Amino acid sequence: MRGIGRILPLAAGLMLLTACGEAAEPVQEALEFRTALLSADACAFTAQVTADMGERVYEFTLDCGYDPETNGAALTVTAPEAIAGIAATVDGEASSVAFDGVALELGTLAGGRLAPLELPQVLGEAWAYGYVESQAREGDGWLVTYRSGYDDEELLVLTAFDGGMVPLRAEVYADGVLALSAELADFSAA
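Conventions and cut-offs
- Residues numbered from 1 in each chain as written.
- Predicted model: local features only at pLDDT ≥ 70, side-chain atom pairs only at ≥ 80, totals over all residues.
- Heavy atoms only, no water.
- Helix = DSSP H or I, 4+ residues; strand = E, 2+ residues; numbered from the N terminus.
- Buried < 20%, exposed > 50% of the residue type's maximum accessible area, 1.4 Å probe, protein only.
- Contact = heavy atoms within 4.5 Å.
- Areas by Shrake-Rupley, 256 points an atom, 1.4 Å probe, with all protein chains shown as cover.
- Disulfide = S-S within 2.5 Å.
- Expected span 1.5 Å × (residues − 1).
- Arc of directions from axis to C-beta.
- Phe/Tyr/Trp six-rings, centres within 6.5 Å; stacked < 30°, edge-to-face > 60°.
- Lys NZ or Arg CZ within 6 Å of the ring centre and 35° of its normal.
- Pairing = 2+ DSSP bridges.

Colleague: Is there a simple way to think about the overall build of the protein chain in this case?
Modeller: Counting its regular elements, the protein chain contains 3 helices and 10 strands. By residue count, 43% of the 190 residues in the protein chain fall in the buried class. Considering only contacts within the protein chain whose residues lie at least 6 apart along the sequence, 49% involve residues at least 24 apart. Summed over its atoms, the accessible surface of the protein chain is roughly 9600 Å², and 52% of this surface lies on carbon and sulfur atoms.

Shown next as structure tokens:
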């Protein structure tokens, strides 16, 4: 991923600077993005997802929707063609998958705490409700680090935004290990 892999060391450095009493970069843009997302009925985006399962890496494309009011997400797999059309809903606590004669078993990540098709809900929840840990400049845009969940359930969600705070890329880490990454496109919130 272009530059986003540098975020984890950068986020750790920013935390150290904050702990030493120096002010980290402000997170104003990330908070403004959150405000816009929470005032919208929903957001939609396309995600080209890579799920590293250890022994195998899966790649697929999703059309995603996230509802900040219910903290729920809906998605449809659009690629690869062999699994296109599979639809799922995730509400943060339960999920359902609908398909026509196709079984999709990707397994779980992070010791069973995360499934690849949960990505839209994980991203939406981090953007809407996660702790904004840091924000740093990347070219004309921003790299924002979010923490979601607590203790053993905590996920670190790194998102690269363009200068207008449109999400472009994201990575999800569990226990310091990259679990999911995605190139994001066609983001809209209404």
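Colleague: Teacher, can you tell me more about the state of the cysteines here?
Modeller: As used here, a disulfide is simply a covalent bond connecting the sulfur atoms of two cysteines. Counted according to the given criterion, the structure contains 0 disulfides. The cysteine C43 is free of any disulfide, with C64 supplying the nearest cysteine sulfur at 8.8 Å. With relative accessibility at 3%, the residue C43 sits in the buried group.

Colleague: I keep staring at helix α2 (residues 28-39) and nothing clicks. Help me out?
Modeller: At 3.6 residues per turn, the α-helix brings residues three or four places apart onto the same side. With 12 residues, α2 extends 17 Å between its outermost C-alpha atoms, agreeing within 8% with the 16 Å of an ideal straight helix rising 1.5 Å per residue. Residues of α2 that are buried: A30, F33, R34 and L37. For α2, the arc enclosing every buried residue in end-on projection is 100°, short of the 170-degree limit, so these residues lie on one face. Along α2, the residues that are exposed and aim more than 90 degrees away from the buried face are T35 and S39.

Colleague: What should I look at first to understand the packing of aromatic side chains in this one?
Modeller: In the structure shown here, the tally under the stated rule is 6 aromatic pairs. An angle of 65° between the planes, with centres 4.9 Å apart, marks the rings of F33 and F161 as edge-to-face. Linking F33 in helix α2 with F161 in strand β8 (residues 155-161), this pair joins segments that are 128 residues apart in sequence. Per residue, the accessibility class of F33 equals that of F161, and both read buried. Geometrically, the ring pair formed by F45 and F187 is stacked, given 6.4 Å between the ring centres and 25° between the ring planes. A residue pair is termed long-range when its members are at least 10 positions apart, and F45 in strand β1 (residues 43-52) and F187 in strand β10 (residues 177-189) qualify at 142 residues. Residue classification places F45 among the buried positions, given a relative accessible area of 3%. Through a chain of ring-to-ring contacts, three or more aromatic side chains come together here, namely F33, F45, W127, F161 and F187. Directly above the aromatic system of W142 lies the positively charged group of R137, at a separation of 4.0 Å from the ring centroid.

Colleague: Help me understand helix α3 (residues 119-129), please; the structure alone is not making it clear to me.
Modeller: The element α3 is largely enclosed, with a buried count of 9 among its 11 residues. Every buried residue of α3 is listed here: L119, P120, Q121, V122, L123, G124, A126, W127 and A128.

Colleague: I tried to follow the pairing of strand β9 (residues 167-174) on my own but got confused; where do I start?
Modeller: On any regular strand, side chains alternate: one points to one face of the sheet, the next to the other face. Of all 8 residues in β9, 7 are buried, a share of seventy percent or more. From the end of β8 to the start of β9, which pair antiparallel, there are 5 residues, and M165 there has a positive phi angle of about 60°. Where β9 and β10 come together, 6 bridges link them in antiparallel fashion. Along β10, the bridge assignment pairs E171 with S181. Taking the residues between adjacent antiparallel strands as the criterion, β9 and β10 are bridged by 2 residues, where D175 takes a positive phi near 55°.

Colleague: Where do I start with the pairing of β8 in this structure?
Modeller: In terms of burial, β8 is a largely internal element, 7 of the 7 residues being buried. Residues L155, V157, T159 and F161 of β8 are buried on one face, and the alternating residues L156, L158 and A160, pointing to the opposite face, are buried as well. Across 7 bridges, the pairing between strand β7 (residues 141-148) and β8 is antiparallel. Paired with T145 across the strands is L158, a residue of β8. Counting the residues that bridge the hairpin from β7 to β8 gives 6 residues, and of these G149 lies at a positive phi of roughly 80°.

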